[in-house]
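# Examining the three-dimensional arrangement
So the chains spell out like this:
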Amino acid sequence: MYRFARPLLGLGSAAMRPQQPFTRVLPAAKRIAASPVVAVSARRGYASKFAADMRMSSRQNKKASQADGGYSASEIEKSMTMAHIMLPGTFVTVPFSQLDKSPKALWAYNYARLKQRVLDFFAVFGAKVHSMPNWTTKPRFQLSYTKIVPEAKALHRRLGEALAAGDKDTLREICTPALYQTLSAVISRRKATEKLTWELLRYDGKPRIVSHKIAMMPPLGKAPVIQQVVVAISSSQKLDKIEKSTNKPVKGGLRVQNQTEYFVMTRQFNPKTWAPKKWIAWGNTQATTMEDWEMMQKGIKDMEKKDYAKRRGERL
């Protein structure tokens with residue numbers, strides 16, 4: 001039995017959003033992204049073809065950008081909508097103490113984990129290559145890894161305080177649309193005679209990055225580039241209910257708990273200037289079991305199959 005991250009603030013399942021199989025079809029890309037080329041070349045060992053493949057990708061991207069066809073408004077809108085989903089392939093490692101210790105199970109799980117880490121690395125590398133104006137200039141796509149954990153801690157604390165205070169304006173600013181709708185509904189269901197106070201007492205261990213992903217959404221050059229990070233935050237938190245009329249604690253309303261949250265935040269990069277926007281909270285997710293991983297891979301394969309059929313004009 002796996003003990004997954006508990007819900008944010010202990011307020012039920014409002015902020016806990018489990019990973020879902022990725023089955024929606026992305027708009028068929030009319031340009032060849034740099035990152036898939038790099039990933040395929042690296043996995044198949046075609047090191048000698050790397051430079052030629054990247055030059056071909058650059059020429060085809062430029063040619064496609066000058067074409068008259070373009071993308072339909074519905075395709076672009078679909079990509080914009082999908083900018084706030086949990087990215088496919090997000091892998092959050094289950095603590096070793098909770099894994100099946102049989103050699104076969106350990107090998108399969110660690111192979112899946114390492115495979116995804118390699119794919120994530122080449123996706124970042126491909127985005128950097130794609131952001132280079134030419135082969136002699138520095139990539140415009142810049143990532144500051146040292147700032148990720150401090151920004152995650154600040155956003156996590158701000159989210160907790162806004163949720164406890166019922167500050168919908170702040171939640172709208174710092175949450176994805178789906179998370180905002182969920183938390184707004186939670187606030188609306190509270191008793192009008194009570195208010196909540198929340199305090200993060202301490203961190204139980206150092207927060208750490210457990211997943212880091214980059215996705216270049218089609219159409220390239222128009223849809224945003226997505227950066228998604230999952231940070232494991234173990235902390236002790238205090239939640240209390242206060243009677244508004246007397247400003248005194250409600251009997252039995254005090255809760256102090258230790259919990260580990262897999263806090264997901266995401267941000268977008270402008271596809272033309274590569275300037276980043278602010279981080280926003282996606283919510284909490286769960287550790288990835290082998291069953292989750294297999295279901296996720298099946299969803300990705302189904303998506304690729306549908307996308308390939310769409311490119312060929314076939315009906316499913």
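Residues numbered from 1 in each chain as written. Predicted model: local features only at pLDDT ≥ 70, side-chain atom pairs only at ≥ 80, totals over all residues. Heavy atoms only, no water.

Okay, unusual backbone geometry next. With phi around 60°, Asn247 is a residue other than glycine that occupies positive phi space. As for its position among the elements, Asn247 is in the loop between β3 (225-243) and β4 (248-249). One non-glycine residue, Trp274, lies in the positive phi region at around 65°. Tracing the backbone shows Trp274 in the loop between β5 (255-269) and β6 (280-285). (Helix = DSSP H or I, 4+ residues; strand = E, 2+ residues; numbered from the N terminus.)

Time to look at the packing of aromatic side chains. Under the counting rule described, the total for this entry stands at six aromatic pairs. Here a set of aromatic residues connected by ring pairs shows up, and it is made of Phe91, Tyr109 and Trp293. Its guanidinium or amino end placed over the ring of Phe96, Lys101 lies 5.0 Å from that ring's centre, counting from NZ or CZ. Across the ring face of Tyr203, the terminal group of Lys153 is positioned such that the distance to the ring centre comes to 4.7 Å. (Phe/Tyr/Trp six-rings, centres within 6.5 Å; stacked < 30°, edge-to-face > 60°. Lys NZ or Arg CZ within 6 Å of the ring centre and 35° of its normal.)

Next up on the list: a nonpolar patch on the surface. Together, Leu201, Leu254 and Val256 make up an exposed nonpolar region whose accessible area comes to about 270 Å². Tracing the sequence through the fold places Leu201 in strand β1 (residues 194-203). Among the residues examined, Leu201 registers a relative accessible area of 38% and is labelled partly exposed. (Patch = residues over 30% accessible without salt bridge, like charges linked within 9 Å, V, L, I, M, F, W, Y side chains within 5 Å. Areas by Shrake-Rupley, 256 points an atom, 1.4 Å probe, with all protein chains shown as cover. Salt bridge = Lys/Arg side-chain N within 4 Å of Asp/Glu carboxyl O. Buried < 20%, exposed > 50% of the residue type's maximum accessible area, 1.4 Å probe, protein only.)

The next subject is the packing of helix α4 (residues 103-130) against helix α8 (residues 290-311). Across the interface, α4 lies against α8 with an axial gap of 10 Å and an inter-helix angle of 50°. If you check the angle between α4 and α8, you find them oblique. Where α4 crosses over α8, the two elements pack in a sense that is left-handed. Judged by residue contacts, Ala108, Tyr109, Ala112 and Gln116 of α4 engage Met290, Trp293 and Gln297 from α8. (Axes fitted to C-alpha atoms, helices over the stretch in contact; angles between N-to-C directions. Parallel < 35°, antiparallel > 145°, perpendicular 65-115°, else oblique. Left-handed = near helix turned anticlockwise from the far one by under 90°. Contact = heavy atoms within 4.5 Å.)

Within this structure, the stated rule accounts for six salt bridges. Residue Arg158 pairs with Glu173 through a salt bridge whose shortest N-O separation is 3.3 Å. With a gap of 15 residues between them, Arg158 in helix α5 (residues 148-165) and Glu173 in helix α6 (residues 168-174) connect regions that are remote in the sequence. Overall, the relative accessible area of 37% leaves Arg158 in the partly exposed class.

Let's shift gears to the pairing of β5. Among the 15 residues of β5, eleven are classified as buried, and the element is accordingly described as predominantly covered. As defined by bridge partners, β3 adjoins β5 across 15 bridges and the pair is classed as antiparallel. Pairing of Gln227 across the sheet is with Arg267, part of β5. Where β5 and β6 come together, five bridges link them in antiparallel fashion. Bridged to Phe263 within β6 is Asn284. (Pairing = 2+ DSSP bridges.)

Let's shift gears to helix α7 (residues 177-188). Under the 1.5 Å per step criterion, the end-to-end length of α7 is 16 Å for twelve residues, consistent within 8% with the ideal 16 Å. All buried positions along α7 are accounted for by Leu179, Tyr180, Leu183, Ser184, Val186 and Ile187. Seen from one end, α7 has its buried residues packed into an arc of 155°, which puts them on one side. For α7, the exposed residues set more than 90 degrees away from the buried face come down to Gln181 and Ser188. Where α7 is buried, its residues meet α5, α6 and β6. (Expected span 1.5 Å × (residues − 1). Arc of directions from axis to C-beta.)

Limitation: the analysis is restricted to geometry and does not speak to function.
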